[in-house]
Amino acid sequence: MNPDDAPAPPPVPDTPLARAVVEIEQHAAASGWDQPAQLFALVDTADLVRREPSLASLMGIDGTAGGLTAVQQEQLPSAESLESALESITWPAEVEGCAAVVERMVLPPEADADIPADPAQAAAFAASHPARQELRLVAGTTRDGATFCAMRFRAHDADQLVVTGADLVPGLLELLQATLDPDPGR
């Protein structure tokens, strides 16, 4: 499909979280494919300007726009999966939400029965499967439980073909939400 011929995607909700997730997806798209997982703190923009005026200035933020500002965190250890890393992360109270960017391969449901149990063999199977799809997911959540996601398929790498929705990756959203729990009990 030619991206210019694609129908316009449904409008993205005009919420601070949706705007932040879409901004993070565009940032990730500008870096290209085959990138490591990334984690972002989502902070109240006005609060950021008040607490860290020099950082806000470096980021070109004046605080009048309101909403959430994404602050990219240090790169996660390469030997650890994003999911494992999230199990040990808790955010301070100043962080209103968080978002993660991760690239994954997905297979059609009919391939499920043939996937090897061994993780290394399963990865090799997926990488060589002719019907695999590579995608980039951005999932975000806030302390009040709001969620939003954006998904871009490598085969359809165009801004107007990004799929968005509140719960595209429930498992990842649940892990992200747990990092915001003031009493994790984990």
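Residues numbered from 1 in each chain as written. Predicted model: local features only at pLDDT ≥ 70, side-chain atom pairs only at ≥ 80, totals over all residues. Heavy atoms only, no water.

A. Looking closely at the pairing of strand β3 (residues 95–106). One ladder, built from 6 bridges, connects strand β1 (residues 38–44) with β3; its direction is antiparallel. Residue Ala41 lies in a different strand from β3, and its bridge partner there is Cys98. Across 10 bridges, β3 lies against strand β4 (residues 133–142) in antiparallel orientation. Within the sheet, the bridge partner assigned to Glu103 lies in β4 and is Arg136. (Pairing = 2+ DSSP bridges. Helix = DSSP H or I, 4+ residues; strand = E, 2+ residues; numbered from the N terminus.)

B. A look at the nonpolar core. Ranked by internal contacts, the top residues of the largest apolar core, which has 26 residues, are Trp91, Leu172 and Leu176. Elements that contribute at least two residues to this core include exactly β1, α4 (82–86), β3, β4, β5 (147–153) and α6 (170–179). Here the element with the most residues in this core is β3; it accounts for 4 residues. Leu172 has contacts with Leu82, Leu86, Val102 and Ala139, leaving out every residue within four places of it along the chain. Ala28, Phe40, Leu68 and Val138 belong to the second largest nonpolar core, which has 16 residues in total. (Core = buried A, V, L, I, M, F, W, Y, C linked by side-chain atoms within 4.5 Å. Buried < 20%, exposed > 50% of the residue type's maximum accessible area, 1.4 Å probe, protein only. Contact = heavy atoms within 4.5 Å.)

C. Main features of α6. Along α6, the positions that sit buried rather than exposed are Leu172, Leu173, Leu176 and Thr179. Summarising the axial view, the buried residues of α6 lie within an arc of 110°, below the 170-degree limit, and thus occupy one face. Turned more than 90 degrees away from the buried face of α6 sit Pro170 and Glu174, all of them exposed. Summarising the contacts, the buried residues of α6 are in contact with β1, α4, β3, β4 and β5. (Arc of directions from axis to C-beta.)

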